Amino acid sequence: MNSGVVSHLLCKRTDYQACTVKINVSALLRLMIFTVLFIGFREYISKPFMILYPMRYEDYEKGFQKKAKHYSKDEIKRCLEYAKPLIDQGLPVIFNTSHLSSLVGYTKNYLKRASLHTPFFYRQFEISKKNGSKRVIYEPLPNLKEIQQWILKNILYKIPISDFAKAYIPKKGIREHVKCHQGFKKIVTLDIENFFPSIKRERVEKVFKKLGYSTLIANLLSKLCSLNESIPQGASTSPYLSNIILKDFDQNVGSYCTDNGICYTRYADDLTFSGNIFYEKELIEFIEANLKQENFKLNHHKTKIMTNNLRQVVTGIVVNEKIQVPKTKRKGYYSGTCFRI
C-alpha cells in the first residue's frame, strides 16, 4: 500500500498551491486560533476525516477513487482491497499511524509515546478485596483513556461475543447473569486466577489482525490497550477484550453444559454452573482442561459448590427462591435504598 496515496487523502491536498489568490495570513491565523479555542482541538482536527469510513462500501469506493485520481490503478486497488473487509464489518478504515491520529484526535507523536512508554501513561492505586487483600488498579491518564474509549466504541463493540458471556456488555447488567441460575438444586461457581494479567498483548494483536487490520495498525492498537505486555485492570478496553478472547472457550463450555443439562454463564472471571443433576468433579476437570488451552487456570480457593438447602450466592446475589441481595449486605443501607438487579 502506497503511503503517498493515504497522505494525499488525509491531508485533503488539492491544487490550491498552484493558485495565485492572495491570502491574508494574519486573518487566517486569527480564524484558526478562534476555531481551536471555541470548537476544541480534537474536534477541529478530526472533523474532516469522519467521511473516511461511510456505512456503504460503494460510497467509500466512489469517494476514494475521486480523491486518489492522480495515483495508479494498482495503488488504488490495494487500498480498496484493504478497506472493503473493514467497511463490511462496520469498522473504521485505518491505513497508518497518521490516519489513526486524525480519527482519535491526538497527535501521531502522542500515539507513539503512549504505545512505547505505556507505564508513564497510567496511575496505579489499590482497592480492598473481601478477604482483606488489595487489588491493584491501573487507570490510564485522561488522554489515553479517551483513545481507549474510541477503540472500544468504534472497533471492539462491533465484534460479536458469546451469548454465555454476561459482563461488560452495553445495556446489559448482572441480572442477565444471575437469573439463569435461579431455583436449581445445585450451583457451582469457579474463578479464573489472575484474569486480566493472563491475557497477553500478542493475543490482543491477533484480535485486530483477524478483523483485517494491517500488522502495523494491529500492533499499535494492541499496545494502546496493554500495559507491561498484558491488558490492565482499569483500562476501559480490557473487559470487552476478555469477552472477545474467551469467545471460543465460552462456546465450547456452553455446548458441553447444554449436552449435560447444565446452565452456564460467565461474568468476567466468574464462571457459574447450575442444574439439578450433574457431577461437579467431572465438570471442573473439563473446565480446567479448556482453561489450560487458553493459558488460564482456576483459583481453587474460590471454588464453591452450593445445594439448595444452603444459601446459593452468584456474584454476590442470592438466587435460591428469588433474586435478592444477601441480608448481611442489606443491613448497612438505609431502608429507602433501592437495589436494581
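Criteria and thresholds
- Residues numbered from 1 in each chain as written.
- Predicted model: local features only at pLDDT ≥ 70, side-chain atom pairs only at ≥ 80, totals over all residues.
- Heavy atoms only, no water.
- Phe/Tyr/Trp six-rings, centres within 6.5 Å; stacked < 30°, edge-to-face > 60°.
- Helix = DSSP H or I, 4+ residues; strand = E, 2+ residues; numbered from the N terminus.
- Buried < 20%, exposed > 50% of the residue type's maximum accessible area, 1.4 Å probe, protein only.
- Lys NZ or Arg CZ within 6 Å of the ring centre and 35° of its normal.
- Salt bridge = Lys/Arg side-chain N within 4 Å of Asp/Glu carboxyl O.
- Core = buried A, V, L, I, M, F, W, Y, C linked by side-chain atoms within 4.5 Å.
- Contact = heavy atoms within 4.5 Å.
- pLDDT = per-residue confidence, 0-100.
- Pairing = 2+ DSSP bridges.
- Axes fitted to C-alpha atoms, helices over the stretch in contact; angles between N-to-C directions.

Caption draft 1: Geometry of the packing of aromatic side chains. For the coordinates displayed, the defined rule picks out 12 aromatic pairs. Each ring, one from Y110 and one from F121, has its centre 5.4 Å from the other, and the planes form 90°; the classification is edge-to-face. Residue Y110 is located in helix α7 (residues 108-116), and its partner F121 is located in the loop between α7 and β1 (122-128); the two are separated by 11 residues in the primary sequence. The exposure classification of Y110 matches that of F121, with both residues buried. The ring of F278 has K186 lying over it, and the distance from NZ or CZ to the ring centre is 4.9 Å.

Caption draft 2: Quick peek at the pattern of salt bridges. Taken as a whole and assessed by the stated rule, the structure comprises 11 salt bridges. Measuring nitrogen to oxygen at the nearest pair gives 2.8 Å for the salt bridge that ties R201 to E205. Linking R201 with E205, this pair stays in helix α10 (residues 201-211), spanning four residues, or about one helical turn. R201 sits in the buried class, given a relative accessible area of 10%. E205 sits in the buried class, given a relative accessible area of 12%. Ionic pairing is found between E229 and R201, a salt bridge with its closest N-O pair at 3.2 Å. Of this pair, E229 sits in the loop between α11 (215-224) and α12 (238-245) while R201 sits in helix α10, and the two are 28 residues apart along the sequence. Residue E229 is classed as partly exposed on the basis of its relative accessible area of 40%.

Caption draft 3: Fine view of the nonpolar core. Judged by nonpolar contacts, the single largest core of 75 residues is most densely connected at I151, I155, F208, Y213, F273 and I287. For this core, the element with the most residues is helix α5 (residues 73-88), which contributes seven residues. Those residues in contact with I155 that sit more than four places away from it in its chain are L91, P92, I94, W150, F208, L211, Y213 and L221. V178, V314, I317 and V319 belong to the second largest nonpolar core, which has seven residues in total.

Caption draft 4: Structural context of the confidence of the model for the protein. Predicted confidence across the protein gives a mean pLDDT of 82, with 78% of residues reaching 70 or more. Residue range residues 7-23 is modelled with pLDDT below 50. Its contacts to residues more than four positions away, or to other chains, number 17 contacts. In this model, residues 333-341 is a region of pLDDT below 50 whose contacts with residues beyond four sequence positions or in other chains number 10 contacts.

Caption draft 5: Region of the structure containing unusual backbone geometry. In the Ramachandran plot, N194 falls in the positive-phi region, its phi being about 50° despite a non-glycine side chain. Mapped onto the fold, N194 is located in the loop between β3 (186-191) and α10. For T315, which is not a glycine, the phi torsion comes out positive at approximately 45°. Mapped onto the elements, T315 comes out in the loop between β7 (313-314) and β8 (317-318).

Caption draft 6: Looking closely at the sheet that holds strand β5 (residues 270-275). Spatial ordering of the open sheet is given by β4-β5-β3-β6, a layout of four strands whose pairing is antiparallel. The outermost strands of the open sheet, each flanked by one partner alone, are β4 (263-267) and β6 (304-307). Strand-to-strand twist across the sheet, computed as the mean angle between neighbouring axes with direction ignored, equals 15°. With five bridges joining them, β4 and β5 adopt antiparallel strand pairing. Its bridge partner lying in β5, Y267 is registered against D270.

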